[in-house]
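Reading the structure
Below are the chains, spelled out letter by letter.
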Amino acid sequence: MAKVFLTKNRSKRIEQGHPWVFKTEIETIEGGFNPGDIVDVLNFKGKFLGRGYINPRSQIAVRFLTYNRDEIIDRNFFKKRILDALKYRENLGFSGSFRVVYGESDLLPALIVDKFEDILVIQTLSLGIDRFKSTIVDVLREIFNPRGIYERNDVPVRDLEGLPQQKGYLYGEFDPIVVIEENGLKFYVDVEKGQKTGYFFDQKENRRAIAPLVKDADVLECFCYTGSFALCAAHFGARKVLAYDVSNEAVEFARKNAEINNLSQICHFSEGNAFDVLRQFYDEGRKFDAVILDPPAFAKNKYALENAVRGYKEINLRGLKLLKPGGYLITSSCSHHVSEALFWEIIESAAFDARLKLRLVESRTQAKDHPILVPAEETRYLKFLMLQVL
């Protein structure tokens, strides 16, 4: 097994528990290896720090799998890790449909496993974990006995690892449109064509948290995707919900989701660009009791941050201007590169420009099936604020 020695001044972050080794932190490598192989990582004095897989093509050169020198990376290793991840979630009350494995936070870097009732969807987002894909599928079949397993590796991040983008059936044959239950509602999920793995479990608890803010309310939602927030608002007693998404396919799914929950009379879904919709309603003088903004990541990387900040500022400013006195802005950012502090600055700036005073109802983050690994800030990405206009 090859040994990766770190530079003298760059290992402290790793010794504190961060699961990545960047190219620039490597001093030398002893022994031969192929990209994707398991290697040992040592500090400049030769102290063992951990074991993981290496890919010199990636900026993240090594991703740690274990910090135990005696632990062997084999089928039993992956079975134990996945069982540990499942037990954590079951202890917190998760069942039915949820994220089973969340990469680094479950000590299985670059592996995502989502459970949609009896269908599993996986992503293997780096070369090292992709080499174990067949083993992981075999372990998942043993643990869950699923009706099927689908691969959603059609994501650009795999390009950085030298991996092809691909998707398809890994086990079983089934209709890729699955029905799941969440917060007392049913949702159609398209695991083949939907965004990411088909659904966003990370907002589950936040969708439930809006309940006291939307009762008897007129609600506007932008970036509604397949309608999860809008339908939760209606389920929790909203009087009327107008919801928009730029994707016609998403809007059609949202309408079907409204139908199976008998909420079509309350929820009205339309195709529309959020920036245009917010501007139009402001020009028309429309007012709402609650505005929900759940946009996609505006900052995919640090180079897009400046434009992302402008985008977040605009939608939140316009959302605030549509609220009645005492109304609620329910807003979020899933861009890792937009820190919690920066998101606060954006909201404060929008409130100042709107000449409004805001009161924080609650600040939240991602659901507990997307746990945060404390030494790795990258695992904490979702900012979710519920604010009241005074």
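Heads up: the structure comes first, above all this text.
Residues numbered from 1 in each chain as written. Predicted model: local features only at pLDDT ≥ 70, side-chain atom pairs only at ≥ 80, totals over all residues. Heavy atoms only, no water.

Further remarks concern the sheet that holds strand β6 (residues 60–66). Strands sit in the order β2-β6-β5-β4-β1-β3 across an open sheet of six strands; the sheet is mixed. Lying at the two open borders of the sheet, with one neighbouring strand each, are β2 (20–22) and β3 (26–30). On average, each strand axis in the sheet is tilted by 35° relative to the strand beside it, whichever way the strands run. Pairing between strand β1 (residues 3–6) and β3: four bridges, direction antiparallel. When the bridges of β3 are listed, Phe 5 appears paired with Thr 28. (Pairing = 2+ DSSP bridges. Helix = DSSP H or I, 4+ residues; strand = E, 2+ residues; numbered from the N terminus. Axes fitted to C-alpha atoms, helices over the stretch in contact; angles between N-to-C directions.)

Counting buried positions along strand β17 (residues 288–293) yields six of six residues, so the element is predominantly enclosed. Judged from the four bridges that link them, strand β14 (residues 218–222) and β17 form a sheet pairing that is parallel. Directly across from Glu 221, in β17, lies its bridge partner Ile 292. Pairing between β17 and strand β18 (residues 323–333): five bridges, direction parallel. (Buried < 20%, exposed > 50% of the residue type's maximum accessible area, 1.4 Å probe, protein only.)

As a further point, take the pattern of salt bridges. Applying the stated criterion across every chain, the model contains 31 salt bridges. Ionic pairing is found between Arg 13 and Glu 25, a salt bridge with its closest N-O pair at 2.4 Å. One end of the pair, Arg 13, is in helix α1 (residues 12–15); the other, Glu 25, is in the loop between β2 and β3, with 12 residues separating them in the sequence. For Arg 13, a relative accessible area of 25% puts it in the partly exposed group. Glu 142 is paired through a salt bridge with Lys 79; the nearest N and O atoms lie 2.6 Å apart. Taken as a pair, Glu 142 in helix α4 (residues 133–144) and Lys 79 in helix α2 (residues 75–91) lie far apart in primary sequence, 63 residues in all. Overall, the relative accessible area of 41% leaves Glu 142 in the partly exposed class. (Salt bridge = Lys/Arg side-chain N within 4 Å of Asp/Glu carboxyl O.)

Looking only at helix α9 (residues 274–284), the buried set comprises Ala 274, Val 277, Leu 278 and Phe 281. Angularly, the buried residues of α9 cover 95° about the axis, an arc narrow enough to put them on a single face. Capping the start of α9 is the job of one residue whose side-chain oxygen sits 2.9 Å from the backbone nitrogen of Phe 275: Asn 273. Two residues or fewer past α9, Gly 285 is found with a positive phi of approximately 75°. (Arc of directions from axis to C-beta. Polar contact = N/O pair within 3.5 Å; in protein donor to acceptor, adjacent residues only side chain to side chain.)

This paragraph deals with the sheet that holds strand β7 (residues 97–102). Sheet architecture is open: five strands sit in the order β7-β8-β9-β10-β11, paired in mixed fashion. For this open sheet the edge positions go to β7 and β11 (166–171), each flanked by a neighbour on one side alone. Across the sheet, the mean angle from the axis of one strand to that of its neighbour is 20°, orientation sign disregarded. Sheet topology note: the strand β10 (residues 148–153)/β11 ladder contains five bridges and is antiparallel.

It is the contact of α2 with α4, at a shortest axis distance of 10 Å, that shows an interaxial angle of 50°. Classified by the interaxial angle, the pair formed by α2 and α4 is oblique. Handedness of the α2/α4 crossing: right-handed. Between α2, through Arg 75, Phe 78, Lys 79, Ile 82, Leu 83 and Leu 86, and α4, the contact on the second element is made entirely by Thr 135, Ile 136, Asp 138, Val 139, Leu 140, Glu 142, Ile 143 and Phe 144. Of the residues assigned to the contact of α2 with α4, the class counts are nine nonpolar, one polar and four charged. (Parallel < 35°, antiparallel > 145°, perpendicular 65-115°, else oblique. Left-handed = near helix turned anticlockwise from the far one by under 90°. Contact = heavy atoms within 4.5 Å. Nonpolar A, V, L, I, M, F, W, Y, C, P; charged D, E, K, R; others polar.)

Considering the arrangement of structural elements, one finds Lys 287 in the loop between α9 and β17. Sequence spacing of Lys 287 and Gly 327 is 40 residues, and the spatial spacing of their C-alpha atoms is 9.3 Å. When neighbours within four sequence positions are excluded, Lys 287 is seen to be in contact with Lys 321, Leu 322, Leu 323 and Lys 324. A polar contact of 2.7 Å, which involves the side chain of Lys 287, links it to the backbone oxygen of Lys 321.

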